[in-house]
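Single-letter residue listing:
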Amino acid sequence: MQVESLDDPIFAAGEAYRDVVNIARDLIKRVEPRQNEYLRQIFEEQRFPEEVWQLMAEAGFFGLMIPEEYGGSGLGLLAMALVMEELSTAGFGNAMAILTCMDTAAILRGGTEEQKRRWLPPIASGSWKLAFAITEPESGTNSFRMRTEARREGDTYHLRGEKGWITGADVADYILVVARTLPYREVEERGLPRTYGLGLFLVERDAPGLSVYPMQAVGIEGYRQFRLAFDDVAVPAAHRIGEEHEGARVLFHALNTERILFAATAVGMAEFALRRAAEYARQRKVFGDTPIGAYQGVQHPLARVRIMQEGARLLTYRAARAFDRQLPSARIGAWANMAKYQASEVAVAAVDRAIQTLGGQGFVRENHLIHLWTAARLLKTAPINNEMILNFIAERELELPRSY
Ligand SMILES: Cc1cc2nc3c(=O)[nH]c(=O)nc-3n(C[C@H](O)[C@H](O)[C@H](O)COP(=O)(O)OP(=O)(O)OC[C@H]3O[C@@H](n4cnc5c(N)ncnc54)[C@H](O)[C@@H]3O)c2cc1C
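This structure is a prediction, so every number in the text was calculated from the model and none was measured.

With respect to the overall build of the chain
Then step 1. Counting secondary structure elements, the chain contains 12 helices and 10 strands.
Then step 2. Viewed in the frame of its principal axes, the chain has a C-alpha envelope of about 80 × 50 × 45 Å.
Then step 3. The proportion of buried residues among the 404 residues of the chain is 47%.

Written out as structure tokens, the structure reads:
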């Protein structure tokens, strides 16, 4: 994060943000002596160090989006985005923190007073980790066609179906599961909007009937992915977030949160890569006494990425600020999607150029760039692929017709 960016007029309460950034930097200083060991753990063992999660908790990061009456500080999403960017700049991007925050946003938007009192304080203190499950093997990007059903019987919903790619299902205390409260077929037959008939449920990770199977995937730093099978999982109606059949309204709010925080993480990844590349290019000499960083063939691609990164950074802050100021959701959605698109493209370009700059060293595990390439590359595909973002922007911003 460039602190000067906070002087921009879009940031009214600059001081509070500056404090949060400084707290994040102090945390990074504290873990610096063990940084290489932690990064090896994160990238090679897909295990995020619990000590770092605890330090994040002590710093109050998990309460940044949560109002004071529920145990947080209420600073908002921009503050959390700044933290995610800082941590990612040091190689400590944390998807579980992002998923926990998106679920937090869902609870804040759609939860009852009782639900807020129950779930938010343990989230704010960092005691609970939350995962998020929407993707299914069959429906993929077209989530509305999901098959997982939540059938209501009295005060209990019965969940049946399957989810895939669910990050951190092994370490989560709860999983926010998106399920159909009305089957898609019925929604189509009755001519209802396809967003109707969705429910969001906070499901205990150890709930009877829920099986969790590891998947062999990479891409999320420090966490693994799982397939979830719901075999008549009983979930109390009190765990449903949002009005019956109206989960989509809460869902979009949570998805915006996720996109903005992944954008911030991607901006941080680009920073990590650019710093490593510049540091190496200043020292490395292969022809005479001239460091490779003096060659414009090395400089210009890095400078180009740096320019694009600043654009992605400002777009991310703008989206987060719009979210905190509760601007119309269409506006937040447009900026959140643009930020995620731009930041993921920049992260991939930055890591790619950094690898090129380091030559053979770019492929040495302990330089972590080759690992980071996978993590950066994932962000063009997930949490939403960049083609869907282009579709969305073309339709919403340019009023072009829809083809799918
Ligand atoms: C490491 C990892 C972690 C993940 N974590 C989670 C998680 O925690 N929770 C969760 O719910 N999901 C998670 N996912 C799932 C992820 O969100 C999906 O993989 C992603 O949204 C793409 O869905 P899909 O794989 O089914 O691709 P598909 O829907 O099969 O699409 C394949 C490709 O087709 C193209 N495409 C599809 N539709 C269109 C269209 N209309 N226009 C243009 N192009 C199109 C895109 O390029 C897309 O990448 C994770 C995935 C990975 C790989």
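Quick notes on the nonpolar core
Then step 1. Ranked by size, the top nonpolar core spans 130 residues in total, and within it M80, A81, I260, A266, A273, A347 and V351 carry the most contacts.
Then step 2. Broken down by element, the residue count for this core peaks at 19 residues, all from helix α8 (residues 247–283).
Then step 3. The contacts of A266, once residues within four sequence positions are left out, are A343, S344, V346, A347, A376 and L379.

Comments concerning the site of the ligand
Then step 1. Taken together, 23 residues form the shell around the ligand, and within it G140, T141, W165, T167 and E387 come nearest.
Then step 2. Those elements that provide at least two residues to the shell around the ligand are β1 (130–133), β3 (156–167), α11 (369–381) and α12 (386–398).
Then step 3. Partitioning the shell around the ligand into residue classes produces 13 nonpolar, 9 polar and 1 charged.
Then step 4. When residues of the shell around the ligand are assigned to domains, at least three fall in each of domain 2 (131–245) and domain 3 (248–398).

A look at the packing of helix α1 (residues 14–31) against helix α3 (residues 50–58)
Then step 1. Between α1 and α3, whose axes approach to 11 Å, the crossing angle comes to 150°. If you check the angle between α1 and α3, you find them roughly antiparallel. Along this stretch, α1 crosses α3, giving a crossing that reads as right-handed. Of the residues in α3, those in contact with L27, R30 and V31 of α1 are V52, L55 and M56.
Then step 2. A per-class count over the contact of α1 with α3 returns 5 nonpolar, no polar and 1 charged.

Observations concerning α11
Then step 1. Look at α11: 19 Å from first C-alpha to last across 13 residues, which is about the 18 Å you get at 1.5 Å a residue.
Then step 2. Against the buried residues of α11 lie α2 (35–44), α8 and α10 (329–358).

A short note on helix α9 (residues 296–324)
Then step 1. Helix length check: α9, at 29 residues, gives a terminal C-alpha distance of 41 Å against a target of 42 Å (1.5 Å per residue), a fit within 8%.
Then step 2. Looking one or two places after α9, you find Q326, whose phi comes out positive at around 55°.

Re the domain arrangement of the chain
Then step 1. Under the domain assignment, the chain is made up of domain 1 (3–128), domain 2 (131–245) and domain 3 (248–398).
Then step 2. On a C-alpha basis, the centres of domain 1 and domain 2 stand 25 Å from each other.
Then step 3. At the junction of the two partners, domain 1 supplies 19 residues and domain 2 supplies 17 residues.
Then step 4. Those elements that provide at least two residues to the side of domain 1 that touches domain 2 are α2, α5 (95–110) and α6 (113–124).

Brief notes about the environment of A169
Then step 1. Examined against the element boundaries, A169 turns out to sit in the loop between β3 and β4 (174–180).
Then step 2. Since 24 C-beta atoms lie within 10 Å of it, A169 is described here as buried.
Then step 3. Along the sequence, A169 and M96 sit 73 residues apart, while their C-alpha atoms lie 9.7 Å from each other.
Then step 4. Not counting the four nearest positions on each side in its chain, A169 is found in contact with A131, I175, R205, V212, F226 and L228.

Focus on the packing of α8 against α10
Then step 1. Between α8 and α10, the least distance of the axes is 7 Å, while the angle of their chain directions is 25°. Classed by the angle they form, the pair α8 and α10 counts as roughly parallel. Crossing geometry of α8 relative to α10 is assigned as left-handed.
Then step 2. For the contact of α8 with α10, a count of residues per class yields 23 nonpolar, 7 polar and 4 charged.

With respect to the environment of V187
Then step 1. Relative to the assigned elements, V187 resides in helix α7 (residues 184–189).
Then step 2. Taking the number of C-beta atoms within 10 Å as the measure of exposure, V187 has 21 and is therefore buried.
Then step 3. Each C-alpha atom of the pair V187 and R109 lies 24 Å from the other, and the pair is 78 residues apart in sequence.
Then step 4. For V187, the contacting residues outside a window of four places in its chain are L182, L192, R194, Y196 and G197.

Points about the pairing of strand β5 (residues 198–204)
Each regular strand displays side chains that alternate between the two surfaces of the sheet.
Then step 1. In terms of burial, β5 is largely enclosed, as 6 of its 7 residues are buried.
Then step 2. Where β4 meets β5, 7 bridges bridge the pair, whose relative direction is antiparallel. Following the sheet pairing, A179 is matched in β5 by G199.
Then step 3. Across 2 bridges, β5 lies against strand β8 (residues 240–241) in antiparallel orientation. Opposite L200, over in β8, you have I241 as the bridge partner.

Let's talk about unusual backbone geometry
Then step 1. Here the bond from A382 into P383 is cis, since omega is 5°, no more than 30 degrees from zero.
Then step 2. Its location among the elements puts P383 in the loop between α11 and α12.
Then step 3. In this structure, H245 takes a positive phi of about 65° despite not being glycine.
Then step 4. Inspection of the secondary structure puts H245 in the loop between β8 and α8.
Then step 5. Using a count of 16 C-beta atoms within 10 Å as the deciding quantity, one classes H245 as partly exposed.
Then step 6. Residues other than glycine seldom take positive phi values, yet H368 does so here, at roughly 65°.
Then step 7. Looking at the secondary structure, you find H368 in the loop between α10 and α11.
Then step 8. Looking at H368, the number of C-beta atoms within 10 Å reads 23, which means it is buried.

Criteria and thresholds
Residues numbered from 1 in each chain as written. Predicted model: local features only at pLDDT ≥ 70, side-chain atom pairs only at ≥ 80, totals over all residues. Helix = DSSP H or I, 4+ residues; strand = E, 2+ residues; numbered from the N terminus. Buried ≥ 20, exposed ≤ 12 C-beta atoms within 10 Å, placed from the backbone. Core = buried A, V, L, I, M, F, W, Y, C linked by C-beta atoms within 7 Å. Contact = placed C-beta atoms within 7 Å. Near = placed C-beta within 6 Å. Nonpolar A, V, L, I, M, F, W, Y, C, P; charged D, E, K, R; others polar. Domains from an automatic or database assignment. Axes fitted to C-alpha atoms, helices over the stretch in contact; angles between N-to-C directions. Parallel < 35°, antiparallel > 145°, perpendicular 65-115°, else oblique. Left-handed = near helix turned anticlockwise from the far one by under 90°. Expected span 1.5 Å × (residues − 1). Pairing = 2+ DSSP bridges.

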